Amino acid sequence: MSDTAVADTRRLNSKPQDLTDAYGPPSNFLEIDIFNPQTVGVGRARFTTYEVRMRTNLPIFKLKESCVRRRYSDFEWLKNELERDSKNCWAPTGSERTLPTHVPAGRGN
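Presented here is a report on the structure given in the accompanying data block. Predicted, not measured: the structure shown is a model, and the values here were computed from it.

**Details of the overall build of the protein chain**
- Regarding its fold elements, the protein chain presents 3 helices and 3 strands.
- Reading the helices (α) and strands (β) of the protein chain from amino to carboxyl end gives α-α-β-β-β-α.
- Going through the 109 residues of the protein chain one by one, you find that 13% of them count as buried.
- Within the protein chain, contacts between residues at least 6 apart in sequence are counted, and of these 34% link residues at least 24 apart.
- Summed over its atoms, the accessible surface of the protein chain is roughly 9,400 Å², and 52% of this surface lies on carbon and sulfur atoms.

See below:
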């Protein structure tokens, strides 16, 4: 094996992690919280909406914080899109009554 091939496959040198690095704020983050369900309407026209709050420091987003209300059917659409476009993304399943209060950004590596 040539020296160039060996150099290309070496691990990157990294500094040891200290407590500040381990427990400090992340350099980039995207947090999405789902809470405050409200049921509106009566009978067959009844549905539930949820408050969705997003916080980030990623430069691709124009807003650093955002809060909107969405119906459960919007989450079904999002889940289908995430599963279609990404093999590393996990989206919860369930009905309107079992929607979790916190949706993780991903699962596994």
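Having seen the structure, we can now continue with the description.
**Considering a nonpolar patch on the surface**
- Taken together, the side chains of Leu-30, Ile-32, Ile-60 and Phe-61 define a hydrophobic patch exposed on the protein surface, amounting to about 350 Å² of accessible area.
- Examined against the element boundaries, Leu-30 turns out to sit in strand β1 (residues 30-40).
- Under the relative-accessibility criterion, Leu-30 is labelled partly exposed at 34%.

**As for the pattern of salt bridges**
- Following the criterion strictly, the structure yields 3 salt bridges and no others.
- Here Arg-53 makes a salt bridge to Asp-33, at a shortest N to O gap of 3.9 Å. In this pair, Arg-53 is assigned in strand β2 (residues 47-56) and Asp-33 in strand β1, connecting sequence segments 20 residues apart.
- Across the pair Arg-69 and Glu-51 runs a salt bridge, and its minimum N-O distance is 3.5 Å. With Arg-69 in strand β3 (residues 65-71) and Glu-51 in strand β2, the pair connects residues that are 18 residues apart, well separated along the chain.
- Taking relative accessible area as the criterion, Arg-69 reaches 30% and is therefore assigned partly exposed.

Calculation rules
Residues numbered from 1 in each chain as written. Predicted model: local features only at pLDDT ≥ 70, side-chain atom pairs only at ≥ 80, totals over all residues. Heavy atoms only, no water. Helix = DSSP H or I, 4+ residues; strand = E, 2+ residues; numbered from the N terminus. Buried < 20%, exposed > 50% of the residue type's maximum accessible area, 1.4 Å probe, protein only. Contact = heavy atoms within 4.5 Å. Areas by Shrake-Rupley, 256 points an atom, 1.4 Å probe, with all protein chains shown as cover. Patch = residues over 30% accessible without salt bridge, like charges linked within 9 Å, V, L, I, M, F, W, Y side chains within 5 Å. Salt bridge = Lys/Arg side-chain N within 4 Å of Asp/Glu carboxyl O.

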